[in-house]
Structure formats: C-alpha cells, structure tokens
Amino acid sequence: MTQVMSTLAKIDWQGMVVYTAKNPKQAFINAAIAYVVFRQTLKTAKKVSIYGLRSTLSLLWKQIAGAIVRHVRRAPGTGVVVQRNISKIVKDIEDSMNVAVPGESKYLTVPEQGMSDDEILAILKRRQNEAGIDWKNGRASGAVYHGGEELVRLTNEAYAMYNLTNPLHPGVFPGLRRIEAEVVRMVLDLYNGDAECCGTTTSGGTESIIMAVRSHVVWGREVRGINNANIVVPVTAHAAFDKAAEYFGIGITHIPVDPHTQKVDLNAMRRAIDSDTILIVGSSATFPHGVADDLAALGQMAIKYKVGFHIDSCLGSFIMPFLKEAGFPEVVCDFRLPGVTSISCDTHKYGFAPKGTSVVMYRNKQMRHYQYFTISTWPGGIYASPTIAGSRSGAVIAGCWAAMTKMGRNGYLQQCKDIVNCRIEIQKGIEQIPELYVVGEPSSTVVAFSSHEPVGIFGVMDEMKNHGWDLSPLQYPTALHLACTRLTVPVAGEFLRDLSDSVAQVKASPESYHKGSQAIYGFASTVPDTTIIDEVAQGFIDALYAA
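In short, a report on the structure. (Residues numbered from 1 in each chain as written. Predicted model: local features only at pLDDT ≥ 70, side-chain atom pairs only at ≥ 80, totals over all residues. Heavy atoms only, no water.)

## Points about the pattern of salt bridges
- Across all of its chains, the model carries 15 salt bridges by this definition.
- Two residues, Glu-104 and Arg-126, come together in a salt bridge whose shortest N-O distance is 3.1 Å. With Glu-104 in the loop between helix H5 (76-97) and helix H6 (117-128) and Arg-126 in helix H6, the pair connects residues that are 22 residues apart, well separated along the chain.
- Connected through shared salt-bridge partners, Lys-324, Glu-330, Asp-334 and Arg-336 make up one network. (Salt bridge = Lys/Arg side-chain N within 4 Å of Asp/Glu carboxyl O. Helix = DSSP H or I, 4+ residues; strand = E, 2+ residues; numbered from the N terminus.)

Put into structure tokens, the structure is as follows:
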C-alpha cells in the first residue's frame, strides 16, 4: 500500500487536468483505451491464475485460430467448399438414421380412419425390435437402468394406473400429490436431509440442474444484488450447467482437474470465485470418469466466499448413499456437509424408476422458493409452477414411487454391492492389459480408460462395436467409458475378453484404424473452429426428426 501511495504521489495530477481541459476528445479516447486495456489485463491475469500461463496461451491460440478459420470460411470460394463438406457429413448422418425398413409404412399424416388396436400394437412391437445395440444383454454403457423384469412389470402397472393424472391439478388428483411429496421426502432421507430440507421432482438430471442454477440466480439477484452472475464448475461437470448458463445469460468458468485423479483443482476453483459468483459445483460422481470431487473442501470454500454450492449426484443417485454400508470407501455427498445449498439426484438411473424422473433438493424452503415461477396478474388466474413444465405426467411419478417402495433400502444396498463390484472387476481387468490405463480414480459405477500408442483408443471402440458393445467416447483427454448397470454384472468377464481381443486387433494393425471413429473424434478434438462441430451436432439432432 505504501508503494501504491508513493507512486500516486509522483503523478502530475495538475498537468493531467490541464491536458484534459485543452484536449477533451483525445483525453476521452485515451481514457477509453486505458479502460479497455485495464479490463483485458484483469481478465488475462485471472485466466493465468486459474489455468496457468501455458494453458492460457493455448486457449488464446485456439481463440485466434478459430477466428482465422471462421474468417476464411466467410471467403466466397473456401466457405462454399467447407459448407459443402459439412452438408455432406450431415446428409450421411441423416441417411444412416432414416433407413427405409422393408415392408414398414411411414405415417406422416393422421390416418383418415383410426387403426385397430392389434394393428397399432403390432407396429409398435416391430419398431421396438428394430436392430440396435443388445442392451438387454448388458452391451450398452449406461442408457438403460434396469431393475429386473418383476420391477418393470410393477412400474408399468403403476404407470398405466396413473396415465391420465397431472400434478398441476392437486385438487383433482390428491393421491398423486401425496405420492410426489413422498418421493421427494424419501430421496431427502437418503441424502441426510433434515426437516428443513426440501425439494421437487423434475423430468431428469438436466432439469434438476437447470432449476438449481435458476434458484441461485434469483437468490444472487434478490439477496446479494448480483445482476451479472456467474457460476464456477469443474470442466468435468455435466453439460447441463453450460445449458443453464446459456439459458439464463450468465457467465460460466470451467476449472481444470488434476490429470491423475480427475478431481477439480481446488486452488484454481478458489481463484475463479469473484464478487459476482453465485454458485460453485462439485460432482458425485462425474459422468466422464465416475470420480467424486473433494466435496467437503468445496463446501468450506462456499462458506468462506458466501456462495451457493451444488452437488450433482444425478449419476451417483442411489449408489453413493449406500457405498459405506456396502463395504466400499464412503463418499459423503449429502446435507451433512456444511455449505451445501442444493443437490440433484436422478431416480430414473440407479433408482430404477421410469425415465423422466429426478429430484432436486435444497437446504431450506427459501432456496426452493427461488426455483418457483408465479404470476398473479394473468387473466387466466393466479398461476404457479415448481419447475419448467406446467402440465406434467403423474404416471412417471407413480412409477418412481412404486420402484422405490418395491426395492427398499435392502434392495438398493444389494444393487450397490453388485454393480460397484462389477466396476471394480472390470477396472482390475483393464489394469491388466498393458496397452490400456484407467483414467482418474473412479468411486462409483463408471470406469474410464485410454490407451498407449500405437494403440488408438477410438480404434478399440470400433473393434468393441464389432463385438456388439456400445461404449461412450470421451475427449480432453481422449478415452472411453463404461457405465456399469445391473445388466453389466453377468457379462463383465465377456466384456474383458472382448476388450482384450479388440486391443490385440488394433495393436496388430494400428494404421487400419485411422479412419472411422479415430478420424471423427480426432478431428473434433483438434479443429480450432468449434462452430463446425456445432453445425454437425445440430445436423445430428435434425436427423432425429427426419421421418
């Protein structure tokens, strides 16, 4: 401070005032330039403090290279060529999805005459059995969280029973209101919520995360007066946080993770928090690597800086609360941790509920109130809804309640033992393959792995696909992951045999795998202009609706 005051004392303030009076226009320009340079310097300094000099320069180079590529794309000749190639890729994606099925009609308009029940069910049955990944025999990574045929029959019956119900009308369906409240309370109990803790159901993990971010946005605005809010998340946090940031027009800072453990860098997280930060995030566990961040440390950080702290346990769901009782190392990821303000948990994953159910939980009712939407001046009456949707399906909520009460704590405990032991068996098997290595320190049901050169990991993915397995590709770093489910348990040995065989195939002829997935994902991770990848991704989504 003494040095600062000494420096300020040496400035010729009187001369500056005289110069400004004589040259107001130039003085204004100088001040504007100085302001811009000062702000940019602060931004750069903050990036260096978070990412380090080398990574900051790498990010800067990617931004410059991306800008150059975008500029080149606008050139008449080059732009046409690039767009033609993008269009070709998108067309290939659409053609691969929208394949004509021999003997199968398309229904592009409502039939003039209604079809018979038998005809409708026959069509649905045929389409259900169209060739795809054999998920019933555990060949898919995650995707289908199956609780057993008996449980499926029960939840289907509950679904049918409540098919016409809508929680928007509690006066019409009072029993459904009780069912939904009990679902929330049971999940709160698993996450050690006390009487003050509360929550709502949502349509899935993405909506749970979006609702938690909304609550903190409103809290930041109403309690702390923050109008330019930002959230700070690990780079491995679910993409739903990016979606929420885009939806609400707030800033988001991605924090690097330790390259060995894949846990968030706490020092970088701390340096990223500023006066406009409303929320920090930790995962239990991460989608890419199945790793739990240091949640206790993040909770203390949230208390110190007076910001919200959300634990994303959508994937950990009904696994993490049972780890200790099942004999595995405990990961405390609940309201016992000081500083936690919200938690998301997917009931439709390891809770085995029908798809379309999740729960977002809060430390107290006031935080939950910030999630709600109400309007008292609408001509249609006073309107209030807890989540994004107005009308919602009561059927999935009833199915969720049925799954949870049928499984019981003992059922979930046994599933935790079986599935986590399956992951451990597969992880140990991967560690025995010299060409492969496990990424991070998994603590739940997911194991991620990559390869040593010359074996390309995406070549391994292609070979595993030839064996009938559907693995999830990862990037930064390039890897594959398998999310073990109840269906994976009986085929763990088969998975390891096919994986070993696939590695041997790629090792024998690595140059043969430079096309296919290696070319696609290799290009995606190196192209400086991410808008190219965005256009291809948008084309993929368009293809989903091609009839």
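## Examining a nonpolar patch on the surface
- The grouping of Val-48, Leu-53, Leu-57, Leu-60, Trp-61, Ile-64, Ile-68 and Val-72 at the surface amounts to a nonpolar patch, some 730 Å² of accessible area in total.
- For the nonpolar patch, the element with the highest residue contribution is helix H4 (residues 53-73), accounting for seven residues.
- By the secondary structure assignment, Leu-60 is in helix H4. (Patch = residues over 30% accessible without salt bridge, like charges linked within 9 Å, V, L, I, M, F, W, Y side chains within 5 Å. Areas by Shrake-Rupley, 256 points an atom, 1.4 Å probe, with all protein chains shown as cover.)

## Topic: the environment of Gly-399
- Among the secondary structure elements, Gly-399 is positioned in helix H14 (residues 394-431).
- On the accessibility criterion, Gly-399 (0% relative accessible area) is buried.
- Residues contacting Gly-399, with those up to four places away along its chain left out, are Thr-155, Ala-158 and Pro-354. (Buried < 20%, exposed > 50% of the residue type's maximum accessible area, 1.4 Å probe, protein only. Contact = heavy atoms within 4.5 Å.)

## Quick word on the packing of aromatic side chains
- Under the counting rule described, the total for this entry stands at seven aromatic pairs.
- Ring centres of Trp-378 and Tyr-383 lie 5.8 Å apart, and the angle between their planes is 85°; this geometry places the pair in the edge-to-face category.
- The class for Trp-378 is partly exposed, based on a relative accessible area of 45%.
- Accessibility expressed as a relative area gives 24% for Tyr-383, which makes it partly exposed.
- Among the aromatic side chains, those forming a connected cluster through ring pairs are Phe-318, Phe-322, Phe-352 and Tyr-412.
- For Arg-139, the ring lying beneath its charged end belongs to Trp-469, and the centroid distance is 4.3 Å. (Phe/Tyr/Trp six-rings, centres within 6.5 Å; stacked < 30°, edge-to-face > 60°. Lys NZ or Arg CZ within 6 Å of the ring centre and 35° of its normal.)

## Some details on the nonpolar core
- Among the nonpolar cores identified, the biggest contains 84 residues, and Ile-280, Ile-426, Phe-495 and Leu-499 are the most heavily contacted of them.
- It is H14 that contributes the most residues to this core, 12 residues altogether.
- In this view, Phe-495 contacts Ile-426, Phe-449, Met-464, Trp-469, Leu-471 and Leu-482; residues no more than four positions away in its chain are not counted.
- The next biggest cluster of nonpolar side chains, apart from the first, holds 26 residues, and it includes Val-233, Ile-278, Val-281 and Val-360. (Core = buried A, V, L, I, M, F, W, Y, C linked by side-chain atoms within 4.5 Å.)

In short, shape yes, function no, at least from these values alone.
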